[in-house]
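So you can see what is in the structure, the chains are spelled out below.
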Amino acid sequence: MDDNANDGPLRIAVVSPLFEAVPPRFYGGTERVVSYLTEELVRQGHRVVLYASGDSRTSAELRAGCAQGLRLDASCRDRLAPHLTMLDDVARAADEFDVIHFNTDNLHFPLARLLPVPSVTTQHGRLDLPDLAALYRHFRELPQVSISDAQREPLHWANWVATVHHGVPDGLYALQEHHEGYLAFMGRMSQEKGPDHAIEIARRAGIPLRMAAKVDVEDQAFFEQRVKPLLQGPGVEFVGEIRESEKQAFLGGAAALLFPIVWPEPFGLAMIEAMACGTPVIAWCRGSVPEVVDQGVTGYIAENVGDAVAAVAKCFAHDRRACRERFEQRFTAARMARDYVAVYRKLVRRHAQQDRP
C-alpha cells in the first residue's frame, strides 16, 4: 500500500463484467457506469487499471479479460470461462493496488476474502431473489456498496459500507429547453420495465410514443406476445436499440421519459440521462424511484396509469432548466467518483489498522 494512500492518488483496480465493452456499444447499464467511474477517477488523478473486454475504450490501463464484449461475440459459448480467467488475473496482480473494486455481482466472492488488499463490491442488480440470502450470509464480511437504499432492503443486514447513486458526465448531455411533443421509452423490452404500460399511458394521453429498446433472448416471448401486437396501433414508433450518441436527440426531444417499472429497480440509469437533457421522468413508485426523482422538479411519481396520464399534461409546461440543474447537483460522474474515493480510503485505512501489530 502507498504511504500516501490516505490522502494522495490511489492505485485502483476496477473490475467490470465482460458481457459488454466499457462503455457498451449499445445497451449496458453496468458497463456504462463502470466507464463513467473509471474515466472520472483517472481525471481526478488516481492510477486506475480497468479489467474489461478488449474492445473497451478507456484512459486507464486496460487489461483484457476477453477479446470483445461477450453479448456480441457469437463464438463465445461459455460466458463464465473468461470471467474466471480474468478474476484469477486480478488476484495475481492484487499487490499492485491499494483497493480492488468489483462490479461482477457475486462471482468473485470466494476470491475476494483471500486477497491481500481491501476490496469492495458494487451491487448493480436486484437482491430480492430467494437464493441470495444464504450466499450473502456466508460472505457477510465482504464490503458492499448499494446503488440505492431501496436496493439493499432485502439484504439489509449485509455489510453495506455506502450507497452511491449513479452519475453521468455533466458534459455528456446538454439541456434541451424545447421538446418535440412526444413521449419516450428507453431500456429493455422486458415485462419488468413495463413497455406495455408505457404504450397504454401514451395512448390514453393522446401523445405519440417513441420506444428505443433492445429485445434480449429471454424477453423475446414477452415482446412477441404482449408488446408487438400493441405496436400495430397508431401513435407508437419502435426504433430499436440505440447508441449513446443517439440518446441526446432521443431523450432531449421528448416531453417526458416514461418509466413505468413493475419491479424493484435498483437504480434506473435512463432516468438521470433524461434529467441531464432537462426531460422530466414519469415513473411508477417502485424500487429506487423515490430516491432518484424529485417530485415536481425532475419528474412525477405515479401509482398507476391514471396518475401517469395526469402527469403527462404537466410535463408540457415543465421547467426543464430546473430539471437539468437538479441533475447537476445530484447525479454527475464527478460526484459519483468522489463518493467512491471516500469508500476506498475508508477501506484502506481499516485494512492498515488491521495489519498493525
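Below: a short report on this structure. (Residues numbered from 1 in each chain as written. Predicted model: local features only at pLDDT ≥ 70, side-chain atom pairs only at ≥ 80, totals over all residues. Heavy atoms only, no water.)

Re the packing of helix α5 (residues 195-205) against helix α6 (residues 220-231)
Worth spelling out the cut-off: Between N-to-C directions, angles span 0 to 180 degrees; the directions come from axes that are lines fitted to C-alpha atoms, helices contributing only their stretch in contact. Helix and strand definitions follow DSSP, with helices as H or I runs of at least four residues and strands as E runs of at least two, each counted in order from the N terminus. Each angle gets one of four labels, with under 35 degrees taken as roughly parallel, over 145 as roughly antiparallel, 65 to 115 as roughly perpendicular, and the rest as oblique. A clockwise turn of the near helix away from the far one marks a right-handed crossing, whereas an anticlockwise turn of less than a right angle marks a left-handed crossing. Here, two residues are considered to be in contact whenever any of their heavy atoms come within 4.5 Å of each other.
As a packed pair, α5 and α6 sit with axes 10 Å apart at the nearest point and diverge in direction by 15°. One finds that α5 runs roughly parallel with respect to α6. Seen along the crossing, α5 lies across α6 with a hand that is left-handed. Contacts between α5 and α6 involve Pro195, Asp196, Ile199 and Arg203 from the former and Phe222, Arg226, Val227, Leu230 and Leu231 from the latter.

A short note on the nonpolar core
This is how it is decided: Only buried residues count toward a nonpolar core, which is a set of Ala, Val, Leu, Ile, Met, Phe, Trp, Tyr and Cys residues joined through side-chain atoms within 4.5 Å. To sort residues, take the accessible area from a 1.4 Å probe on protein chains only and compare it with the maximum for the residue type: under 20% means buried, over 50% means exposed, and anything in between is partly exposed.
Among the nonpolar cores identified, the biggest contains 60 residues, and Leu41, Met271, Met275, Val281 and Tyr344 are the most heavily contacted of them. Among the elements that take part in this core, helix α12 (residues 333-355) stands out by supplying 9 residues, more than any other. With residues up to four places along the chain from it excluded, the contact list for Met271 reads Leu257, Phe259, Val281, Ala283, Ser288, Val289, Val292 and Val293. Met86, Phe139, Leu155 and Trp160 belong to the second largest nonpolar core, which has 29 residues in total.

Quick notes on the packing of α5 against helix α10 (residues 305-315)
Stated formally: Polar here means any residue other than Ala, Val, Leu, Ile, Met, Phe, Trp, Tyr, Cys and Pro, which are nonpolar, and Asp, Glu, Lys and Arg, which are charged; Gly is therefore polar.
With their axes 9 Å apart at the nearest point, α5 and α10 run at an angle of 50° to one another. Here α5 is positioned oblique relative to α10, judged by the angle of their axes. As for how α5 packs across α10, the hand of that crossing is right-handed. Across the interface between the two elements, Glu200, Ile201, Arg204 and Ala205 from α5 touch Val305, Gly306, Ala308, Val309 and Val312 from α10. In terms of residue class, the contact of α5 with α10 is built from 6 nonpolar, 1 polar and 2 charged.

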